[in-house]
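Geometric and topological summary
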Amino acid sequence: MSRFFSKPCTRRAFLRASSAAAVASVIPLTLMCHKPEENELSGLSSLRQAAADKGIEFGAAVEAVHLKDPDLYDAFVNECGLCVPEWSMKWASVRPDASRWSWDEADALVSFAENHAIKVRGHTLVWYAALPDWAKEKILTGQAERLMDEHIQQMMTHFQGRICSWDVVNEALEPQDNLEGCLRASPWLTALGPRYLDKAFFLAAQYDPMAQRVYNDYAVESNPVKANALIALLRGLKERGVPIDAVGLQAHLSVTRAFEPLQALCKAIKEMDLDLLITEMDVEDLSPFEGNAEQDRRVADTAKAFLDIVFSVMKPKQILTWGLSDRHTWLADPKWNGRNPLGLPVRPLPLDRACLRKPLWNILYEQFEAL
Ligand code: G3I
């Protein structure tokens, strides 16, 4: 009998407890049940349930460290059936140097998710950013293919069967770099040429065949040049038999940007028989501040306009916001106390800083209910 347990310890119980212990090292297990504040939207079910009822997985980006916050913990478990690590599966987090792999943060998040039947997206295997200097140097000195293979193998093997969907390649397009196909100038492109995307998807199919393989990018909902480049990129991948399953529209929206290319882009994605994911939705509002209610309305109206166009063409398999509460958003540096560099309040997400539901929450809820 193990000294940790009051009853015979089965292997499964030990593994569950040890994973719980791993989580507890980051997220206090003795979280008191919280009776969060309420508002007029509190009585409605949850985005997790409303989406699931219509065959959509709803979730948000998060990190285990954020979940030490009891209000956010409770809200996340209630509202999300899906999560994606905002940082802890990126190269710079997992491989701070060439000699070691750092799994603790990502493992804690995956264990938390599994303890609450929340699915996990992987973000991201091949990206130009969050690349440590040692990796850039190896990529640019003839070791790119070996390093990509090793990284994808290690990431997908470590989380084998626990990640429903991977952003295999992230943000490979940048029209401002003026390269063929609007490809982004990146260490991967320099080292391997445009076929680095093909290599990444074939490696992903090899190392975890069951995980959905996604190409993920931003601004394609509002930039016609980038949208057309994405359509051409996807057609090329499909024509070459590259094993891509889905397209992630990050959907970092702004109240001032229209969605001129969006409907045609969604139609092209549907015609190519690719699934559509909304992977990182939030809404930035740099308009003159006229009070929280006015900003929340502009944010909600923008999201509704975007979702109406998407849903007029096809139903996304997954919809995630890039954070659940305004308490944690990349658009507001923590040291600015929830404001942006202009000193304006930042309210881009479904819940406010008190984890209360906002008009954006209601727009999402109504979108699911209307299906
Ligand atoms: O946590 C580490 C800390 O341990 C370390 O000492 C410090 C040293 O710089 O870095 C800290 O990590 C920061 C990380 O966020 C976690 O807070 C990084 O500096 C910082 O660069 C990183 O920023 C993230 C950014 O991607 C770059 O990876 C943002 O939080 C994240 O919201 C943003 O998310 C991206 C998506 O991955 C791709 N789509 C666009 C989206 C917004 O830019």
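Before any of the text, the structure's been laid out above.
Now for a description of the structure that goes with this document. (Residues numbered from 1 in each chain as written. Predicted model: local features only at pLDDT ≥ 70, side-chain atom pairs only at ≥ 80, totals over all residues. Heavy atoms only, no water.)

1. Some points on the packing of helix 11 (residues 292–313) against helix 12 (residues 359–369)
Condition: Simply put, an axis is a line fit to the C-alpha atoms, just over the touching stretch for a helix, and the angle between two N-to-C directions goes from 0 to 180 degrees. The secondary structure listing takes helices from DSSP runs of H or I that are at least 4 residues long and strands from runs of E that are at least 2 residues long, numbered from the N terminus. The cut-offs work like this: below 35 degrees is roughly parallel, past 145 is roughly antiparallel, 65 to 115 is roughly perpendicular, and the gaps in between are oblique. Whether a crossing is left-handed or right-handed is set by the direction in which the near helix is turned from the far one by less than a right angle, anticlockwise for left-handed and clockwise for right-handed. Two residues qualify as a contact provided that any one of their heavy atoms is within 4.5 Å of a heavy atom in the partner residue. Gly falls in the polar group here, along with every residue not listed as nonpolar (Ala, Val, Leu, Ile, Met, Phe, Trp, Tyr, Cys, Pro) or charged (Asp, Glu, Lys, Arg).
Between helix 11 and helix 12, whose axes approach to 8 Å, the crossing angle comes to 20°. As far as their axial angle goes, helix 12 and helix 11 are roughly parallel. For the element pair helix 11 and helix 12, the recorded crossing hand is right-handed. Here helix 11 contributes Asp 296, Val 299, Ala 300, Ala 303, Lys 304, Leu 307, Asp 308 and Phe 311 to the contact with helix 12, which in turn contributes Pro 359, Leu 360, Ile 363, Leu 364 and Gln 367. Of the residues assigned to the contact of helix 11 with helix 12, the class counts are nine nonpolar, one polar and three charged.

2. With respect to the pairing of strand 1 (residues 57–62)
To keep things clear, this is the line we draw: Per-residue accessibility, obtained with a 1.4 Å probe over protein chains only, is compared with the maximum for each type, and a residue is labelled buried under 20%, exposed over 50%, and partly exposed between these values. Being paired, for any two strands, means DSSP has found at least two bridges between them. Think of it like this: strands point away, you trace from the first strand over the helix to the second, and a clockwise trace means the crossover is right-handed.
Counting buried residues along strand 1, five of its six residues qualify, which places the element largely inside the surrounding structure. As paired strands, strand 1 and strand 2 (residues 82–85) are joined by four bridges and run parallel to one another. Each bridged residue has a counterpart across the sheet, and for Ala 61 the counterpart in strand 2 is Val 84. Once the chain exits strand 1 it traverses helix 3 (residues 70–79) before rejoining the sheet at strand 2, and the crossover so formed is right-handed.

3. Section: the nonpolar core
To keep it simple, the criterion reads: Only buried Ala, Val, Leu, Ile, Met, Phe, Trp, Tyr and Cys residues count toward a nonpolar core, and they belong to the same one when joined by side-chain atoms within 4.5 Å.
One finds Phe 76, Trp 166, Val 169, Trp 188, Tyr 196, Tyr 215 and Phe 306 to be the most contacted residues of the largest nonpolar core, which totals 103 residues. Filtering out sequence-adjacent residues up to four positions away, Phe 76 remains in contact with Ala 60, Ala 61, Val 62, Leu 67, Leu 82, Cys 83, Phe 112, Ile 118 and Leu 324. Among the nonpolar cores identified, the runner-up in size contains five residues, and Ala 61, Leu 82, Val 84 and Trp 322 belong to it.

4. Examining the state of the cysteines
For clarity, the cut-off: Disulfides are defined as cysteine sulfur pairs within 2.5 Å.
This model, assessed by the stated rule, comprises zero disulfides. Summary of cysteine pairing: Cys 182 is not part of a disulfide, and the nearest cysteine sulfur, belonging to Cys 266, is at 19 Å.

5. Re helix 12
Among the eleven residues that make up helix 12, eight are buried, leaving the element largely enclosed by the rest of the structure. Buried within helix 12 are the following residues: Leu 360, Trp 361, Asn 362, Ile 363, Leu 364, Tyr 365, Gln 367 and Phe 368. Contact partners of the buried residues in helix 12: helix 2 (47–52), strand 1, helix 3, strand 8 (275–284), helix 11 and strand 9 (318–321).

6. Quick notes on the packing of aromatic side chains
Quick note on the threshold: Each Phe, Tyr or Trp ring (for Trp, its six-membered ring) is paired with any other whose centre lies within 6.5 Å, and the angle between the two planes then decides the class: stacked below 30 degrees, edge-to-face above 60, tilted in between.
Within this structure, the stated rule accounts for nine aromatic pairs. Both rings, one in Trp 361 and one in Tyr 365, keep their centres 4.9 Å apart while their planes meet at 15°; by these two values the pair is stacked. Linking Trp 361 with Tyr 365, this pair stays in helix 12, spanning four residues, or about one helical turn. Judged by relative accessible area, Trp 361 falls into the buried class, the value being 0%. On the basis of relative accessible area, Tyr 365 is assigned to the buried category, the value being 12%. Here the aromatic cluster, defined as three or more aromatic residues joined through ring pairs, consists of Tyr 73, Phe 76 and Phe 112.

7. Quick notes on the packing of helix 6 (residues 133–158) against helix 8 (residues 196–207)
Where helix 6 meets helix 8, the closest approach of the two axes is 9 Å, and the angle between their N-to-C directions is 35°. The handedness of the crossing between helix 6 and helix 8 is right-handed. Across the interface between the two elements, Glu 145, Met 148, Asp 149, Ile 152, Gln 153 and Met 156 of helix 6 pack against Tyr 196, Lys 199, Ala 200, Leu 203, Ala 204 and Tyr 207 of helix 8.

8. Details of the site of the ligand
Basically, it comes down to this: Here a residue counts as near a molecule or strand whenever at least one of its heavy atoms sits within 4 Å of it. We define a polar contact as two N or O atoms separated by no more than 3.5 Å, with the added condition that, inside protein, one atom must be a possible hydrogen donor and the other a possible acceptor, whereas residues neighbouring each other in sequence contribute only through side-chain atom pairs.
As a structural note, the neighbourhood of the ligand is formed by Glu 86, Trp 87, Lys 90, His 123, Trp 127, Asn 170, Glu 171, Gln 250, His 252, Glu 280, Trp 322 and Trp 330. In the model, a nitrogen atom of the ligand is placed 2.9 Å from a nitrogen or oxygen of the Glu 171 side chain. The contact in question runs from an oxygen atom of the ligand to an N or O atom on the side chain of Trp 322, over 2.9 Å. A breakdown of the residues in the shell around the ligand according to their chemical character gives four nonpolar, four polar and four charged.

9. Notes on empty space enclosed by the protein
Formally: Grid points spaced at 1 Å over the protein atoms alone were grouped into cavities, where a 1.4 Å probe fits but cannot get out, and pockets, open sets with protein on both sides within 12 Å along at least five of seven lines, with lining residues defined by an atom within 4 Å of a point. Grid points are joined across faces, edges and corners, and a volume is the space filled by probe spheres set on the points.
For the structure shown, the criterion picks out three cavities of 30 Å³ or more. Reported here for the largest cavity is a volume of approximately 60 Å³. Around the largest cavity, the lining residues are Val 283, Glu 284, Asp 285, Leu 286, Gln 295, Val 299, Leu 331, Asn 340, Pro 345, Val 346, Arg 347 and Pro 348. Secondary structure elements with two or more residues in the lining of the largest cavity: strand 8 and helix 11. Class assignment for the residues of the lining of the largest cavity results in seven nonpolar, two polar and three charged. Considered as a void within the structure, the second largest cavity measures approximately 40 Å³ in volume. Its residues assigned to classes, the lining of the second largest cavity shows four nonpolar, four polar and no charged.

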